[in-house]
Each structure stands twice: as structure tokens, then as C-alpha cells.
Amino acid sequence: MSSADDLGKRLEFMRFGPKAMQSLRDAEAAIVAALPDALDAFYGQISAFPETKAFFKTPDHVKSAKSRQSSHWDRLAKGQFDQGYVDAVTKVGKIHARIGLEPRWYIGGYALLLEKLIANVLAARWPKGRFGGAIPGAAERGAELGAIIKAALIDMDYSISVYLEASEAARLETEAHARRVEEAQAAEREKAVSQVSAGMNALAKGDLTYRMPADIPAEYAKIRDDFNQAMERLEGMVSTIKATSDSIAQSSQEINSGAEDLSLRTEQQAAALEETAATTEQLAASVK
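Cut-offs used in this document
- Residues numbered from 1 in each chain as written.
- Predicted model: local features only at pLDDT ≥ 70, side-chain atom pairs only at ≥ 80, totals over all residues.
- Heavy atoms only, no water.
- Helix = DSSP H or I, 4+ residues; strand = E, 2+ residues; numbered from the N terminus.
- Expected span 1.5 Å × (residues − 1).
- Contact = heavy atoms within 4.5 Å.
- Core = buried A, V, L, I, M, F, W, Y, C linked by side-chain atoms within 4.5 Å.
- Buried < 20%, exposed > 50% of the residue type's maximum accessible area, 1.4 Å probe, protein only.
- Salt bridge = Lys/Arg side-chain N within 4 Å of Asp/Glu carboxyl O.
- Patch = residues over 30% accessible without salt bridge, like charges linked within 9 Å, V, L, I, M, F, W, Y side chains within 5 Å.
- Areas by Shrake-Rupley, 256 points an atom, 1.4 Å probe, with all protein chains shown as cover.

Concerning helix α3 (residues 28–48)
The end-to-end C-alpha separation of α3 is 30 Å, in line with the 30 Å expected for 21 residues at 1.5 Å each. Close packing links the buried residues of α3 with α2 (18–26), α4 (50–53), α5 (59–77) and α7 (103–125).

Here's the deal with the nonpolar core
Counting 25 residues, the largest nonpolar core has I31, Y43, W73, F81 and L117 as the members making the most contacts within it. Looking at this core, the elements with two or more residues in it are α1 (4–13), α3, α5, α6 (83–99) and α7. In terms of residue count, α3 provides more of this core than any other element does, nine residues in total. If near-sequence neighbours (up to four positions away) are discounted, F81 is found in contact with L7, L11, F16, M21, L24 and L76.

Some details on the pattern of salt bridges
Counted under the stated rule, the structure contains 16 salt bridges. Put simply, E175 and R171 hold a salt bridge, and the shortest N to O gap is 2.5 Å. In this pair, E175 and R171 both sit in helix α8 (residues 138–204), four residues apart, roughly one turn of the helix. Here K222 makes a salt bridge to D226, at a shortest N to O gap of 3.0 Å. With K222 and D226 both in helix α9 (residues 221–287) and four residues apart, the pair spans about one turn of that helix. Using a relative accessible area of 37% as the deciding quantity, one classes D226 as partly exposed. Three or more residues joined by partner-sharing salt bridges are found here, namely E168, R171 and E175.

Remarks on a nonpolar patch on the surface
Judged by side-chain polarity, M200, L203, L234, M237 and I241 come together as a nonpolar surface patch covering roughly 440 Å² of accessible area. Going through the elements one at a time, α8 and α9 are the ones with two or more residues in the nonpolar patch. Structurally, M237 is set in helix α9.

Put into C-alpha cells, the structure is as follows:
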């Protein structure tokens, strides 16, 4: 229950309109008078069951809860279905969730409370005879109404229990599925990271022939394709550079050989010139 608007939808569905509210108010005095006895029976049964007794540690705890229930039913008897009612019920529901009070015990407790409450209200408002005494039948009709209420509430209890169990099972299955998906994604990430790491390691060692395998997870296929394309381009560039370097080295070797040959020829020519100069000097001396 989240808002007064939500409460309005509930009341509308139950046909709990102004006329029903007035009928409730007409019975207010009888309801309030019947509450102490009904609450005593209600909390007496709660104290007798181990499953419910555990929620009330001390008699003062029971007394406090009984006082709050009395105030709550005073509001109901006045037909005060407003935001204050929504807030109060929301608070109670959260407390029940915190302490672990299952709906079955809350619904069962209300069946006991309503049984006693209706019997007392019915007896108080049952037609009187000529001499002021109650006409027989109030107790019987009260028992019948109590049985009807119990039958309806036990049926509602089981329906709600099955709903809650199914909801819990669906929640657990959803969480389990989410865990499986997360684990699968983690495994894929680990596999992708391992393959990318292997590629980076190969690149660091200068192995440009490495290519990421095709079985990389589909989510990381673009990384594989981009890496492989980059490696192909690098390999092509390095091959081109290597071929150019080999050509330059060969040309350098040829130039070096030519230079050596030229140097040798230069030396030979120098020697020839020296020899010619010597001959010329000899000839000049002879002529002289």
C-alpha cells in the first residue's frame, strides 16, 4: 500500500462506499464495546502458540500491542480510511516484515479477532423481546458468520502463501539466472583479455605474424579484427622497410666496391705518374 489513491482503488473494488462507511459508523459503539473482550481472546490465542508467542517477549509487550490494536480499530470503526490510515498500516507492515511475522499468522489472528468481535456486536445489536431480553439466535448467527469469515480468511491465507512462495521462487530463479549470465560474461571477458594480452606480448617481442584467433567472444570481435588488421599493416610496413634497407645496403656495397676500385686505379695512376716523372727527369738529365 503506497498511497491514498491506491487505497481508493481497493475500496472501490470492494464496493466499500459512503453507504457502507455509514453502516460501519452506525456500529461504532458496539464495535468499541466489543473490542476489549475480542482483543483478550485474540492475544490469548497468540500467547498459546509457540510460533506467535515468540514475537512477544514480555506481558508489557503484549499490553502495548493490544493498546495499538484498540486505537487502530477505533479508527476503523469511525470509517477513517485516509492517508493517516495508510501510513499506520504501512508502518505495521514494515514492522511485521522486520520481525519475520508471516502473513498466515496475521490473517489467522484476524479470523479469531473478527469471530469474537462479530459475535459480541451481533449479540449487542440483536433484536430484543417484549420484556427486554434478547431473542434467541444471536449466538448461532454469530457462530455462522464466524465460520464464514474463517473459511474466507483461511482460503485467502493459502492463496497469499502460494503467491508469496511462487514470487520468491521466481525471484530466486531470476537471481540465479543473473548470476549465470554474469559468470558467463566474466568468463568471456577473461578469455578476451587473455587473447589481447597474448597479442600485445607477441607485438612486444616483435612477432608481427601473430593473429588473434577466431574464437574470441563475439562482444570483442571488433578488437580482434582491428588488432589483426593493424598487425597486417605493420608486417607489410616492416617488410617494405626491410626490402628498402636491403636495396640500400646492396647499393652501398656497390658504391663501396666502386670507391675501392677507383681508389685502386687512382693509386695505380699515381704510381704511373711518379714513374713517368722519374723517367722525364732522367731524360731531362740525359738531354742536359
